[in-house]
Amino acid sequence: MTQTNEPAGPKTLGKVRPHQTQNEALVFEKSSPGKRAYKLPPLDVPAVDFSSLLGDTHRKTAPLLPELSEIEIIRHFTRLSTWNYAIDLGMYPLGSCTMKYNPRVNEFVSRIEGLAEAHPYRPDSLAQGILEVIDLLQRCLIEITGMDAITLQPAAGAHGEFTGILLVRAWHESQGNPRRKVLIPDSAHGTNPATAAICGYQVENLKSNAEGGIDLEALTRQVDEETAALMLTNPSTIGVFESQIAKIAEILHAKGALLYMDGANMNALVGKARPGDFGVDVMHLNLHKTFSTPHGGGGPGSGPVACKAFLEPFLPTPVLIQSQDGAKHWEYDRPQSVGRVRAFYGNTGMFIRALAYILANGPDGLRQTTEDAVLNANYIRHKLEDLYELPYKTGSMHEVVFSDKRQVALGVKTGDIAKRLIDYGFHPYTVSFPMIVHGALMIEPTESESLEELDLFIAAMRSIAKEVEETPELVKTAPHSTRVSRLDEVQAARKPILRWKPTE
Ligand SMILES: *Cc1c(COP(=O)(O)O)cnc(C)c1O
């Protein structure tokens, strides 16, 4: 799926890529007995019989692994790596997920031996370097969010939500009543209602208004003394900034309810606006979105939770403290803490990457990043809104959400267009989410992309819109350039075949 600068379009179809010319699928079957990828000199020391050490666990027969030469193995894995799509190959316009490029310097820094190999059981006095990294990251994130305190323990966004709502619950309990319900807008990410439910709250749905924001009247009607919090994503999942946010906070606070912000979309706010300044009490960040290291494929994540001072006593233990002499140490004695939410201190590798990203950009760079991300989304919106339906006309922030309304009239759905995009060398955008937009095409280019890449993407989307009118079958049966085309997605998720098994 290598992208070229050739004009995109169906003429690239059927073009055989060089690595597809061989009998590649059969590489495992290329095995032939006795082939080796290495050669060791004959044993010149006494052989050790491991069976006495290993007992029953000692394997009696060799595993049935394919036998191949080194170059065959190298080619196999290199070829496999080209069958998949990666941010290193081209744009990854998944909305809501901020799949930005992870600068190589972050990887370099996270592998510095002294940091990468700092053992979590090392005494604090011998871990001052990594503790300094953690402390500095905490201070940067507190500054960026405008909050007062933070925990880096949660290992993902959803885990951060869970931790944040535990803080909300602990605080309400300390006031005498944990309260009963959490309000969640209908545009929310699915993890929000799941979090509230897991924390023992009833979820109450809040309808969006015509601009895709919170309906203040509905909110006023629904908030009462049993409302623990509102969980709000800002900008929302349709990429719209909630301009009434301060008023929303006021309405909640008047009834003693708290404002939780899902900060997964901070890529549109960093350096421009601080949740702590617009009334948010507690929020999570997705370091693996906003602060590089794209997620997906189950890689390590990090979902720090930042809060206002009144919630600090409830933060998970341990909490990083600096003593008078400047030394840092973990404090475990926090009587009001919700307890641990994860082993040790969080995904430290992620902390290092995020800090490297923040320091490499600096305050001006981070602001520029936000501006570029918003500019890129709006550029795409401007260049495509004549061909794709824009259900919410409110100004877009870091992502733009179209719908397939016009294409559906011709029998082509958002999922078909997304699959056709693969033929043009792009990863699909987010399909059918958010749910308040029927047939959504959710596009988030991020700041990583150049004007040239954006123009290629736009050209592809325009070309597909034309195909929908002229040759809809071509789109409905896409992708045509991949090794497998329309998979049974349900079976692929429920019964994945992940292992090669030797045929006897
Ligand atoms: C990604 C995302 C989450 C969940 O984050 P994970 O790290 O995937 O658990 C929550 N809310 C929003 C708006 C998101 O985009």
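Criteria and thresholds
Residues numbered from 1 in each chain as written. Predicted model: local features only at pLDDT ≥ 70, side-chain atom pairs only at ≥ 80, totals over all residues. Heavy atoms only, no water. Phe/Tyr/Trp six-rings, centres within 6.5 Å; stacked < 30°, edge-to-face > 60°. Helix = DSSP H or I, 4+ residues; strand = E, 2+ residues; numbered from the N terminus. Buried < 20%, exposed > 50% of the residue type's maximum accessible area, 1.4 Å probe, protein only. Lys NZ or Arg CZ within 6 Å of the ring centre and 35° of its normal. Near = heavy atom within 4 Å. Polar contact = N/O pair within 3.5 Å; in protein donor to acceptor, adjacent residues only side chain to side chain. Areas by Shrake-Rupley, 256 points an atom, 1.4 Å probe, with all protein chains shown as cover. Nonpolar A, V, L, I, M, F, W, Y, C, P; charged D, E, K, R; others polar. Contact = heavy atoms within 4.5 Å. Expected span 1.5 Å × (residues − 1).

A few points about the packing of aromatic side chains
Then, in step 1: Under the definition given, this model contains 9 aromatic pairs.
Then, in step 2: When the ring of Trp-330 is compared with that of Tyr-345, the centres are 4.3 Å apart and the planes differ by 0°; the resulting orientation is stacked. With a gap of 15 residues between them, Trp-330 in strand β9 (residues 328-331) and Tyr-345 in the loop between β9 and α11 (348-384) connect regions that are remote in the sequence. Tyr-345 carries the same exposure label as Trp-330, and that label is buried.
Then, in step 3: Measuring from centroid to centroid gives 5.4 Å for Phe-426 and Phe-457, while their planes differ by 85°, and the two rings are edge-to-face. In this pair, Phe-426 is assigned in the loop between α13 (414-423) and β11 (430-431) and Phe-457 in helix α14 (residues 451-470), connecting sequence segments 31 residues apart. The burial state of Phe-426 is the same as that of Phe-457; both residues are buried.
Then, in step 4: Positioned over the ring face of Tyr-201 is Arg-169, at 4.8 Å from the centre of the ring.
Then, in step 5: The ring of Trp-83 carries the charged tip of Arg-483 above its face, separated from the ring centre by 3.7 Å.

Focus on the site of the ligand
Then, in step 1: By nearness alone, 13 residues border the ligand, and Ser-96, Gly-157, Asp-262, His-288 and Lys-289 come closest of all.
Then, in step 2: Within the backbone of Ala-158, one N or O atom sits 2.8 Å away from an oxygen atom of the ligand.
Then, in step 3: Within the complex, the protein chains bury 89% of what would otherwise be the 380 Å² of accessible surface of the ligand.
Then, in step 4: Elements with a minimum of two residues in the shell around the ligand: α6 (157-174) and α10 (287-290).
Then, in step 5: The biggest single contributor to the shell around the ligand is α6, with 3 residues.
Then, in step 6: The class makeup of the residues in the shell around the ligand is 3 nonpolar, 7 polar and 3 charged.

What to know about the side chain of Asn-234
Then, in step 1: Here Asn-234 lies in the loop between β4 (227-233) and α9 (245-254).
Then, in step 2: Polar contacts involving the side chain of Asn-234 include one to the main-chain amide nitrogen of Glu-242, which spans 2.8 Å.
Then, in step 3: With residues up to four places along the chain from it excluded, the contact list for Asn-234 reads Val-240, Phe-241, Glu-242, Ile-245, Met-261, Asp-262, Leu-269 and Phe-278.

Here's the deal with α14
Then, in step 1: Helix length check: α14, at 20 residues, gives a terminal C-alpha distance of 28 Å against a target of 28 Å (1.5 Å per residue), a fit within 8%.
Then, in step 2: Residues Glu-453, Leu-454, Phe-457, Ile-458, Ala-460, Met-461, Ser-463, Ile-464, Ala-465, Glu-467 and Val-468 constitute the buried set of α14.
Then, in step 3: Looking at the packing, one finds that the buried side of α14 touches α11, α12 (405-408), α13, β12 (440-443) and α15 (472-476).

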